[in-house]
Each structure stands twice: as C-alpha cells, then as structure tokens.
Amino acid sequence: MADDGYNYVDFAEHVAHDGLAGFDRFADRMHAGSRAPSFPLTRLDDGTTTELDQLWRRTPTVLEFGSFT
Amino acid sequence: MFVYTHEAHPGERVPHHDCFETKLANARLLRDEIGISRPILVDDLSGTAHRAYGGLPNMTWVIDRGGTIAYKASWTSAANVESFVARYVEARRDRPTGVRIGPYHTEQLEWRAIDQEAFLARLERNGPAALEQWHRAGLRRSS
C-alpha cells in the first residue's frame, strides 16, 4: 500500500490537508458484530511475523493502537 | 496486544518513519521509556493495519475468538476496556447451565479528562518541531 502521507513530517501540514478527518469517520465504519480484518505485523521482540487472525483464533484479543503521541 | 503505529507529532528526538528500521527504533524507545510489558506488534511502514482500523492515534478494539469485533473505542480508557472485558467474559463463561445468551448492540459517548499540560510535555519529548507544529496547526483539542 502506498504511504499517502501516512508518515508525514509536519503535523500542521497534515491537519491543513484534512488529516484529522478520521476522527469524524470512526463511528461510521467497522461496527461491532462485523468481521475484524487481519494483517501481518512484526513482533518487536523477535522480528517474526504474526497474522492478527492467529491471535484471536483461540481466545479474545485486545488490540490497543498507539505511539509516543 | 499493543500495536505500534506512527508518530502523530514527529520531532527531532522521535522522528517520522522514513524507513522500517526507524519505525522499529521508535517502537523500542517507546517500550523502554513507557515500560510496556505486553507484546508489541509493529505495523508495516505504510500503516496498513492502522489505517484499516481507522487510523486514530489511541484506539482500542476487542476482537472475539473467531474474529468478530466486540468493542471499538476511538480513545483508550483502560478502565472502560477492563469493564467491558469483565462483563463480556462473565456473560459468556459464568452463565448458569441451560441459560442461553445472545448479543445486543450498544453505542454511547464517553468522556475523558484532557490533560493539556501532559500532552504538551509529550510533544516536547518528541522535539521542538512537534511543539511548533502543534501551535501552528491551531487546534484546541489534544490529538
């Protein structure tokens, strides 16, 4: 997938280009009861790849998304 | 599980991700500074998973066994997540023998305290550019 400005350098420029629209769209997408999408992610501790759907194959999973800010 | 995403407020000390190695380095820095003991998963450089789940900076989702979305929150409140998980587990695991259960849908707005001082301190941690960009953006809420 293309970056599409995802890793922007300047937050003010990001805001000026409608970068905060996701806050308004959040409530209208991917509702409870629907299927969670799965993607391959990298485990920080050992660099291996984990498919999200392998996490919830046997047990419920809490996914918290975040960074420094 | 903690999913490391991108830096919403990049600065000189915690820069934007120009390559996956930078992203991994920032994720390690976050783990060590904040003391995250949960397993950390790092999204790919273009944020494929993060963007698919809404792209917000501090979301939590709870996925049921098998892959059904059970809970979504645009902002993480540990107390709110813990309360939901406790109810969810109790309803499924602790029901009396012979009692059938079925799901129902809820939607509500929750409120959180906004600690602007702590938020600005985090921007300063990332670097002077993060602080300057925040003020130049002219926003009132912390995001």
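So, here's what we can say about the structure.

Cut-offs used in this document
Residues numbered from 1 in each chain as written. Chains lettered and ligands numbered in written order. Predicted model: local features only at pLDDT ≥ 70, side-chain atom pairs only at ≥ 80, totals over all residues. Heavy atoms only, no water. Contact = heavy atoms within 4.5 Å. Buried area = accessible area lost by both parts, 1.4 Å probe. Salt bridge = Lys/Arg side-chain N within 4 Å of Asp/Glu carboxyl O. Polar contact = N/O pair within 3.5 Å; in protein donor to acceptor, adjacent residues only side chain to side chain. Helix = DSSP H or I, 4+ residues; strand = E, 2+ residues; numbered from the N terminus. Nonpolar A, V, L, I, M, F, W, Y, C, P; charged D, E, K, R; others polar. Axes fitted to C-alpha atoms, helices over the stretch in contact; angles between N-to-C directions. Parallel < 35°, antiparallel > 145°, perpendicular 65-115°, else oblique. Phe/Tyr/Trp six-rings, centres within 6.5 Å; stacked < 30°, edge-to-face > 60°. Buried < 20%, exposed > 50% of the residue type's maximum accessible area, 1.4 Å probe, protein only. Lys NZ or Arg CZ within 6 Å of the ring centre and 35° of its normal. Pairing = 2+ DSSP bridges.

This part covers the interface of chain A and chain B. It is common to report an interface's size as the accessible area lost on association of the parts. Each partner contributes to the interface: chain A provides 49 residues, whereas chain B provides 72 residues. Both faces combined, the contact of chain A with chain B buries some 6000 Å², and carbon together with sulfur accounts for 62% of it. Notably, a salt bridge pairs A:D10 with B:R136, separated by 2.8 Å at the nearest N-O pair. Applying the counting rule to chain A against chain B returns 33 residue pairs in polar contact (both at pLDDT 80 or more). No other element matches the six residues that strand β3 (residues 61–66) of chain A contributes to the side of chain A that touches chain B. A class-by-class count of the residues in the side of chain A that touches chain B yields 27 nonpolar, 12 polar and 10 charged.

Residues and elements named next belong to chain B. Two numbers describe how helix α4 (residues 116–126) lies on helix α5 (residues 128–137): the axes approach to 5 Å, and their chain directions differ by 130°. The pairing of α4 with α5 is recorded here as oblique in orientation. Here α4 contributes Q116, F119, L120, L123, E124 and N126 to the contact with α5, which in turn contributes A130, L131 and W134. When its residues are assigned to classes, the contact of α4 with α5 shows six nonpolar, two polar and one charged.

Bringing the environment of A:F65 into the picture now. Structurally, the position occupied by A:F65 is in strand β3. Ignoring sequence-local partners within four residues, the contact set of A:F65 consists of B:V3, B:T5, B:A49, B:H50, B:Y53, B:P57, B:N58, B:M59 and B:W61.

With that out of the way, let us pick up unusual backbone geometry. With the exception of glycine, the majority of residues adopt a negative phi angle, and the majority of peptide bonds are in the trans configuration. Positive phi values are uncommon outside glycine, yet A:D18 reaches one of about 65°. Residue position: A:D18 is located in the loop between α1 (11–16) and α2 (21–25).

Along the polypeptide, B:A91 turns up in helix α3 (residues 78–93). When the C-alpha atoms of B:A91 and B:G102 are compared, they prove to be 9.6 Å apart, with 11 residues separating the residues in sequence.

Below, the discussion takes up the packing of aromatic side chains. The relation between two aromatic rings is expressed through the spacing of the ring centres and the mutual angle of the planes. Counted by the stated rule, this structure contains seven aromatic pairs over all chains. Note on B:Y71 and B:F84: the rings are 4.9 Å apart at their centroids and 35° apart in plane angle, and the pair reads as tilted. You can see B:Y71 sitting in strand β4 (residues 69–73) and its partner B:F84 sitting in helix α3, a full 13 residues away along the chain. Both residues of the pair, B:Y71 and B:F84, count as buried. Here the basic side chain of B:K72 rests over the ring of A:F26, its NZ or CZ set 4.5 Å away from the ring centre. For the cation-ring pair, B:R112 lies above B:W75, with the distance from its terminal atom to the ring centre recorded as 3.6 Å.

With that out of the way, let us pick up the sheet that holds strand β1 (residues 2–4) of chain B. In space, the seven strands of this open sheet follow the order β2(A)-β1(A)-β2(B)-β1(B)-β3(A)-β3(B)-β4(B), with mixed pairing throughout. Of all the strands in the sheet, the pair left with one neighbour each is β2 (49–51) of chain A together with β4 of chain B. With strand direction ignored, the average angle separating the axes of adjacent strands in the sheet is 30°. Across four bridges, the pairing between β3(A) and strand β3 (residues 60–63) of chain B is antiparallel. Each bridged residue has a counterpart across the sheet, and for A:V62 the counterpart in β3(B) is B:V62. This element, α3(B), spans β3 of chain A together with β3 and β4 of chain B of the sheet and lies at about 165° to β4(B).

Attention now moves to the side chain of A:T61. Structurally, A:T61 can be placed in strand β3. The buried category is assigned to A:T61, whose relative accessible area is 6%. A distance of 3.4 Å separates the side chain of A:T61 from the backbone oxygen of A:L55, its partner in a polar contact. Here A:T59 takes part through its backbone oxygen, which lies 3.4 Å from a polar atom of the side chain of A:T61. Setting aside chain neighbours within four positions, we find A:T61 in contact with A:L55, A:W56, B:M1, B:W61, B:V62 and B:I63.

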